[in-house]
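Structure at a glance
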Amino acid sequence: MADLTDLCRQLRLAHIAEYIGSQQDEGLRSLAEQLLAAELDGRRRAKLGKLVQQAGFPHLKTFEGYVTEHISFPQGSGLDALRTLGWMERKENLLLMGAVGTGKTHMAIALGVEACRRGKAVQFYRASDLVAVLQEKFMAGTLSKFREKLRKMDLLILDEVGYVPFNQTGSELLFNVIADCYEQQSVIVTSNLEFGQWTSIFGDTKLTSALVDRLVHHAHILSFTGESFRFKQAMERIPG
Ligand SMILES: Nc1ncnc2c1ncn2[C@@H]1O[C@H](COP(=O)(O)OP(=O)(O)OP(=O)(O)O)[C@@H](O)[C@H]1O
Ligand SMILES: [Mg+2]
């Protein structure tokens, strides 16, 4: 009966729980358990689908077959620990830094999908796309509403910080979004540039150091090294 009670609690079916609880028919209980389990599973899958769709991932990735030998994890924050998403509960950030094609975006998406699986709201943006949206909303006078929407996210993923430099307005708008997240929401940033080079993206030295300061304060910094997986896969396709 513990299972049935638990299922009814999760599905918020107080009256059904009461009714089945009063019945002695084992067959009825077993059927009810199967039906409620199917309902719960269906609701979970529908919610996951909705969260994944809302997140705006460019494609889906999982940790199946994901190798980690070339990644330096901080002490106590190996992949298994990161996958438990305790860092998200603590509103900490993940900074995935390193060379081209080494799996930063793949990891960011796979963690984002796991967060969706736990019912968390995630939003994925390539940094330059987010800046473009922010500028558009700014011009249209709807920026506050958009920032409000971002504030409701549990996790913001900012991919590819470093490939495209921003103009002054863009940098300031992105700074404000990151400042909004500070200690309130988790952010995953992927970048091919070390922090020392971030002024080349954001332009202003003061703004860059204030932004980096907020990002790194409660953060796990992972370093990705080695050859590009894209390059390796392309080489493997060349007939020997
Ligand atoms: N650790 C890994 N194990 C297996 N496949 C991987 C791994 N890392 C990356 N890949 C695959 O290699 C390709 C490139 O990875 P990804 O796009 O994540 O690299 P990146 O570090 O984000 O590169 P960039 O800096 O150019 O954006 C993808 O198809 C990805 O699925
Ligand atoms: Mg990438």
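Treat the numbers as computed from the prediction; the structure is a model and nothing was measured. (Residues numbered from 1 in each chain as written. Chains lettered and ligands numbered in written order. Predicted model: local features only at pLDDT ≥ 70, side-chain atom pairs only at ≥ 80, totals over all residues. Heavy atoms only, no water.)

1. A look at the site of ligand 1
Around ligand 1, the structure places 17 residues, and the nearest of them are Val67, Lys104, Thr105, His106 and Tyr163. Within the side chain of His106, a nitrogen or oxygen atom sits 2.6 Å from an oxygen atom of ligand 1. Contact distances for ligand 1 include 2.5 Å between an oxygen atom and a side-chain N or O atom of Tyr163. Burial of ligand 1 by the protein chains amounts to 86% of its free accessible area of 630 Å². If you list the elements that add at least two residues to the shell around ligand 1, you get α6 (104-117) and α12 (229-237). Residue composition of the shell around ligand 1, by class: six nonpolar, seven polar and four charged. (Near = heavy atom within 4 Å. Polar contact = N/O pair within 3.5 Å; in protein donor to acceptor, adjacent residues only side chain to side chain. Areas by Shrake-Rupley, 256 points an atom, 1.4 Å probe, with all protein chains shown as cover. Helix = DSSP H or I, 4+ residues; strand = E, 2+ residues; numbered from the N terminus. Nonpolar A, V, L, I, M, F, W, Y, C, P; charged D, E, K, R; others polar.)

2. Things to note about the pattern of salt bridges
If you walk through the whole model with that rule in mind, you get ten salt bridges. For Asp6, the salt bridge is made with Arg9, and the minimal N-O distance between the two is 2.5 Å. Placement of the pair is Asp6 and Arg9 together in helix α1 (residues 2-11), with a separation of three residues, close to one helical turn. Classification of Arg9 by relative accessible area gives exposed; the value is 56%. Close ionic contact of Asp180 with Arg147 constitutes a salt bridge, the shortest N to O distance being 2.9 Å. Residue Asp180 is located in helix α9 (residues 168-181), and its partner Arg147 is located in helix α8 (residues 143-151); the two are separated by 33 residues in the primary sequence. Comparing Asp180 with Arg147 shows no difference in burial state: the two are buried. Put simply, Arg147, Glu148, Arg151 and Asp180 are held in one network by salt bridges that share partners. (Salt bridge = Lys/Arg side-chain N within 4 Å of Asp/Glu carboxyl O. Buried < 20%, exposed > 50% of the residue type's maximum accessible area, 1.4 Å probe, protein only.)

3. So, the nonpolar core
Among the nonpolar cores identified, the biggest contains 31 residues, and Leu130, Leu158, Leu174, Trp198 and Phe202 are the most heavily contacted of them. For this core, the secondary-structure elements that each account for two or more residues are β2 (93-98), α7 (127-140), α8, β4 (155-161), α9, β5 (186-191), α10 (199-202) and α11 (205-217). With six residues, the single largest contributor to this core is α9. Leave out the neighbours within four places in its chain, and Trp198 touches Met97, Val161, Val189, Ser191, Leu193, Thr208, Leu211, Val212 and Leu215. (Core = buried A, V, L, I, M, F, W, Y, C linked by side-chain atoms within 4.5 Å. Contact = heavy atoms within 4.5 Å.)

4. Considerations on the packing of aromatic side chains
Applying the stated criterion across every chain, the model contains six aromatic pairs. With centroids separated by 5.1 Å and ring planes inclined at 65°, the aromatic side chains of Phe195 and Trp198 adopt a geometry described as edge-to-face. We classify Phe195 as partly exposed; its relative accessible area is 23%. Pairwise contacts between aromatic rings join Phe166, Phe195, Trp198 and Phe202 into one cluster. Over the ring of Phe229 we find Lys232; its NZ or CZ atom is 4.4 Å from the centre of that ring. (Phe/Tyr/Trp six-rings, centres within 6.5 Å; stacked < 30°, edge-to-face > 60°. Lys NZ or Arg CZ within 6 Å of the ring centre and 35° of its normal.)

So yeah, pure geometry; function would need other evidence.
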